[in-house]
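Residues per chain are reported as follows:
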Amino acid sequence: MNLRFLAFRKILFAIVFVISLGFTGYLVANNISQRIIGKSLAKQVISTSTVGKSSQLQKLLNEIVVEQKIPGAVMYINTPKGSWLGASGVNSLSTKTRMKPTDGFSIASMSKTFMAVVVLKLVEQGKIELDQAIATYLPRDISPHIVNSDKITVRQLLNHTSGVAEYLDTKEFIQATAKRSRSQPWTAREAIKYMYQEQPKANPGEKFIYTDCNYILLELIVENITRGTLAQAIRSQILKPLGLKHTFTELREPTIGEVATGYGDRNKDGKLDSYAQVNDGNGLGDGGLVSTAEDLAKFSKALFVKKTLLSPKMMKEMLKFKDNGEGYSYGLGVERFSSPLAKAIGHTGIAYGFATLLAYLPNQNTTIVVLLNNQNVDIKSIARTGLEVVENK
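Below: a short report on this structure. Only a predicted model underlies this, so the values are computations on that prediction, with no experimental measurement involved.

Helix and strand content of the chain: 11 helices and 14 strands. Taking all 393 residues of the chain together, the buried fraction comes to 54%. Considering only contacts in the chain between residues 6 or more positions apart, those separated by 24 or more positions represent 66%. As displayed, the chain offers around 17900 Å² of accessible surface, 52% of which is attributable to carbon and sulfur atoms.

Summarising burial for strand 12 (residues 345–351): 6 of the 7 residues are buried, a large majority. Alignment of strand 11 (residues 335–336) against strand 12, held across 2 bridges, turns out to be antiparallel. Its bridge partner lying in strand 12, glutamate 335 is registered against glycine 346. By the bridge criterion, 7 bridges tie strand 12 to strand 13 (residues 354–361) in an arrangement that is antiparallel.

The subject of this paragraph is the pattern of salt bridges. For the structure shown, the criterion picks out 13 salt bridges. Here the salt bridges share partners, and the residues they tie into one network are Asp131, Arg155, Glu317 and Lys320.

Let's shift gears to helix 3 (residues 111–124). Along an α-helix, residues three or four apart share an orientation, since each turn contains 3.6 residues. Here helix 3 is 14 residues long and its end C-alpha atoms lie 20 Å apart, about the 20 Å a rise of 1.5 Å per residue gives. For helix 3, the tally of buried residues reaches 13 of 14 residues, placing the bulk of the element in the interior. Phi turns positive, to about 80°, at glycine 126, one or two residues after helix 3.

For the coordinates displayed, the defined rule picks out 10 aromatic pairs. An angle of 75° between the planes, with centres 5.8 Å apart, marks the rings of tryptophan 186 and tyrosine 194 as edge-to-face. Relative to tyrosine 330, the ring of tyrosine 210 lies with its centre 6.0 Å away and its plane at 80°, an arrangement referred to as edge-to-face. Of this pair, tyrosine 210 sits in the loop between helix 6 (188–192) and helix 7 (213–226) while tyrosine 330 sits in strand 10 (residues 329–330), and the two are 120 residues apart along the sequence. Using a relative accessible area of 0% as the deciding quantity, one classes tyrosine 330 as buried.

Moving on, we come to the pairing of strand 2 (residues 72–79). The side chains of a regular strand alternate between both faces of the sheet. Counting buried positions along strand 2 gives 8 out of 8 residues, so the element sits mostly inside the fold. Alternating positions in strand 2 separate into two faces, Gly72, Val74, Tyr76 and Asn78 on one and Ala73, Met75, Ile77 and Thr79 on the other, with burial throughout. Direction of pairing for strand 2 relative to strand 3 (residues 82–89): antiparallel, over a ladder of 8 bridges. By the bridge assignment for strand 3, tyrosine 76 is matched with leucine 85. Across 6 bridges, strand 2 lies against strand 14 (residues 366–372) in antiparallel orientation. Its bridge partner lying in strand 14, methionine 75 is registered against valine 370.

A few words now on the side chain of threonine 356. Within the element layout of this structure, threonine 356 appears in strand 13. On the accessibility criterion, threonine 356 (0% relative accessible area) is buried. Polar contacts involving the side chain of threonine 356 include one to the main-chain carbonyl oxygen of isoleucine 107, which spans 3.0 Å. When residues no more than four places from it in sequence are discounted, the contact partners of threonine 356 are Ser106, Ile107, Met110, His347, Thr348, Gly349, Val370, Leu371 and Ile379.

Read from one edge to the other, the open sheet built from 3 strands follows the order 4-8-5, with strand pairing classed as antiparallel. The open sheet is flanked by strand 4 (105–106) and strand 5 (248–249), the only strands paired with a single partner. In the sheet, strand 4 pairs with strand 8 (residues 289–291) via 2 bridges, with the strands oriented antiparallel. Along strand 8, the bridge assignment pairs serine 106 with valine 290.

Moving on, we get to the environment of leucine 372. Examined against the element boundaries, leucine 372 turns out to sit in strand 14. When near neighbours in sequence (up to four residues on either side) are disregarded, leucine 372 contacts Ile70, Gly72, Ala73, Phe105, Gly353, Phe354, Ala355, Val377, Ile379 and Ile382.

Turning to the packing of helix 3 against helix 8 (residues 230–242), a few remarks are in order. The geometry of helix 3 relative to helix 8 is characterised by a closest axis approach of 10 Å and an angle of 80° between their N-to-C directions. Between helix 3 and helix 8, the angle falls in the class roughly perpendicular. Contact residues: helix 3 offers Phe114, Met115, Val117, Val118 and Lys121, while helix 8 offers Leu230, Ala233, Ile234, Gln237, Ile238 and Leu239. Across the contact of helix 3 with helix 8, the residue classes break down as 9 nonpolar, 1 polar and 1 charged.

Reading guide: rules and limits
- Residues numbered from 1 in each chain as written.
- Predicted model: local features only at pLDDT ≥ 70, side-chain atom pairs only at ≥ 80, totals over all residues.
- Heavy atoms only, no water.
- Helix = DSSP H or I, 4+ residues; strand = E, 2+ residues; numbered from the N terminus.
- Buried < 20%, exposed > 50% of the residue type's maximum accessible area, 1.4 Å probe, protein only.
- Contact = heavy atoms within 4.5 Å.
- Areas by Shrake-Rupley, 256 points an atom, 1.4 Å probe, with all protein chains shown as cover.
- Pairing = 2+ DSSP bridges.
- Salt bridge = Lys/Arg side-chain N within 4 Å of Asp/Glu carboxyl O.
- Expected span 1.5 Å × (residues − 1).
- Phe/Tyr/Trp six-rings, centres within 6.5 Å; stacked < 30°, edge-to-face > 60°.
- Polar contact = N/O pair within 3.5 Å; in protein donor to acceptor, adjacent residues only side chain to side chain.
- Axes fitted to C-alpha atoms, helices over the stretch in contact; angles between N-to-C directions.
- Parallel < 35°, antiparallel > 145°, perpendicular 65-115°, else oblique.
- Nonpolar A, V, L, I, M, F, W, Y, C, P; charged D, E, K, R; others polar.

Okay, here's the thing in structure tokens:
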């Protein structure tokens, strides 16, 4: 190889390197390690066939942030052709700190998938039976207060067919959150009491009704069986084995890295308000995790692609979906999306000022993660738009 050609290669690489620094996100070739953060660009090969997609995706994300009045956003897409991770906007309206791809977001109800994995692992270990009544596993002082606890099964909690009432909707809980400091994290025992006097929404197994209380009951079951906290169970069963170093349970564990501030139209006046000081159940089993796009991508890959988190039997149980009759289906802690993400599986989360989405499309072997710090946004449409750029639609 002559010296002139080597010099030309170095100049070409330098140009590509400088251009790539102009984008918050970048696309890497499929044969490169999936570690997008913390890896030297000098060791990466930028595919000429996908650099254009990088700029298109970054432009799209910038436009979405401006047009939909989102303070900030992070998007991750992985296809057989490569991976892209980008950020736009700010992680805080007060500080105007630029959003980074590594920033953490409260993933809200996406945490339910993590909960389901923990429960199914306990099933694998013979400590829980999916079709056993929850009275068998709940603390004895709580079980008598749960209507139908002798009939509701663990499976029915996981797939929201238990019919239990909702604690979040009670006037008493709403009033309590208005005065609750973040220095006083809610416990599952406290939260569950708000539904004691409420009538069930349906008979066990009768129909699908999405209720966060299902996962508060699951938190109580996990802690009663493991004799530890749910945060400890998630860390030992999922976070440590997968090396998810930027995921933690909010208000239960130390904050890791920089976390975005969540916003929403709390006062119904068309203005974005901060959720930074709000404590309406943060850290509980129905939506307690904070994570990053990279960690969520690793979790998705282990669960849906490599299928190393659960045994084949438990994976089959997780993907037994209940249809609500409106084109939407729910498995055990997993959503199966309808349009505009047809046949994708994963979970969304909308709470605490955040909107989050993790979706895996088996037919395309494609994963997308979208994290926004504005909860009043149609996140599924944003995800679909990102996928259309990659699919040349």
